[in-house]
Amino acid sequence: MGQHPGDYGTEVANTMEAELLVDTVAVQRRRIEAALARLDEGTYGTCSVCGTEIDDERLEARPEVDTCREHADTPVTA
Ligand SMILES: [Zn+2]
């Protein structure tokens, strides 16, 4: 590891990617926990913005989402 000058940049990039991944996992974990909380409340599967049911296809692809397709990019302040 790090024998060649060019390796350093790769290692830095790998570290950054790893940190990004950890970040994503933490965010994902929070979303899943929120989804489980909604499951408890009985509001799982409905859009937190407009209250309509999130379609099954979307839920299957991303089970932790709490918004419908239309509000996918709306930041949720819960
Ligand atoms: Zn919506």
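The protein chain is annotated in an unreviewed UniProt entry as TraR/DksA C4-type zinc finger protein of Pseudonocardia humida.

Participant: Is there a simple way to think about the overall build of the protein chain in this case?
Facilitator: The helix and strand tally for the protein chain stands at 2 helices and 0 strands. Per-residue burial for the protein chain yields a buried fraction of 17% across its 78 residues. Summed over all atoms, the accessible surface of the protein chain reaches about 6300 Å², with 55% contributed by carbon and sulfur.

Participant: So what exactly am I meant to see when it comes to the UniProt feature "domain: Zinc finger DksA/TraR C4-type" (unreviewed entry) in the protein chain here?
Facilitator: Look at the UniProt record and you will see "domain: Zinc finger DksA/TraR C4-type" (unreviewed entry) annotated at residues 42-70. For residues 42-70, the helix share is 21%, the strand share is 0%, and the end-to-end C-alpha distance is 21 Å.

Participant: Hey, could you run me through helix α1 (residues 7-41) in this one?
Facilitator: Side chains of residues three or four places apart in an α-helix project in the same direction, reflecting 3.6 residues per turn. Taking 1.5 Å per residue, 35 residues should reach 51 Å; α1 reaches 51 Å between its end C-alpha atoms and fits that length. Following α1 by one or two positions, Gly 42 adopts a phi angle in the positive range, close to 85 degrees.

Participant: I keep staring at the pattern of salt bridges and nothing clicks. Help me out?
Facilitator: When their charged atoms lie close together, side chains carrying opposite charge are able to pair. Per the stated rule, a full pass over the model turns up 5 salt bridges. Across the pair Glu 64 and Arg 62 runs a salt bridge whose closest N-O atoms are separated by 3.8 Å. You can call Arg 62 partly exposed: its relative accessible area is 39%. By sharing partners, the salt bridges in this structure join Asp 55, Glu 57 and Arg 69 into a single network.

Participant: Explain the coordination of the zinc ion to me, please; I cannot follow it from the model alone.
Facilitator: The textbook angles at a metal center are 109.5 degrees for a tetrahedron of four donors and 90 or 180 degrees for an octahedron of six. At this site the zinc ion is bound by Cys 47 (SG), Cys 50 (SG), Cys 68 (SG) and His 71 (ND1), with donor distances of 1.9 to 2.3 Å. Considering all 4 donor atoms around the zinc ion, the spread of angles at the metal, 101 to 116 degrees, places the coordination shape in the tetrahedral class. In primary-sequence terms, the residues that donate to the zinc ion follow C-x2-C-x17-C-x2-H. Placement of the pair is Cys 47 in the loop between α1 and α2 (56-61) and Cys 68 in the segment after α2, with a sequence separation of 21 residues. Like Cys 68, Cys 47 is buried.

Participant: Which parts of the structure should I look at to understand the side chain of Glu 64?
Facilitator: With respect to the helices and strands, Glu 64 occurs in the segment after α2. With residues up to four places along the chain from it excluded, the contact list for Glu 64 reads Gln 28, Arg 31, Ile 32, Ala 35 and Arg 38.

Basis of the calculations
Residues numbered from 1 in each chain as written. Predicted model: local features only at pLDDT ≥ 70, side-chain atom pairs only at ≥ 80, totals over all residues. Heavy atoms only, no water. Helix = DSSP H or I, 4+ residues; strand = E, 2+ residues; numbered from the N terminus. Buried < 20%, exposed > 50% of the residue type's maximum accessible area, 1.4 Å probe, protein only. Areas by Shrake-Rupley, 256 points an atom, 1.4 Å probe, with all protein chains shown as cover. UniProt positions renumbered as here; feature names shortened; annotations may be inferred. Expected span 1.5 Å × (residues − 1). Salt bridge = Lys/Arg side-chain N within 4 Å of Asp/Glu carboxyl O. Donors = N, O, S within 2.8 Å, 3.2 Å for Na, K, Ca; no water. Tetrahedral: all angles 85-135°; square planar, octahedral: opposite > 155°, others 65-115°. Contact = heavy atoms within 4.5 Å.

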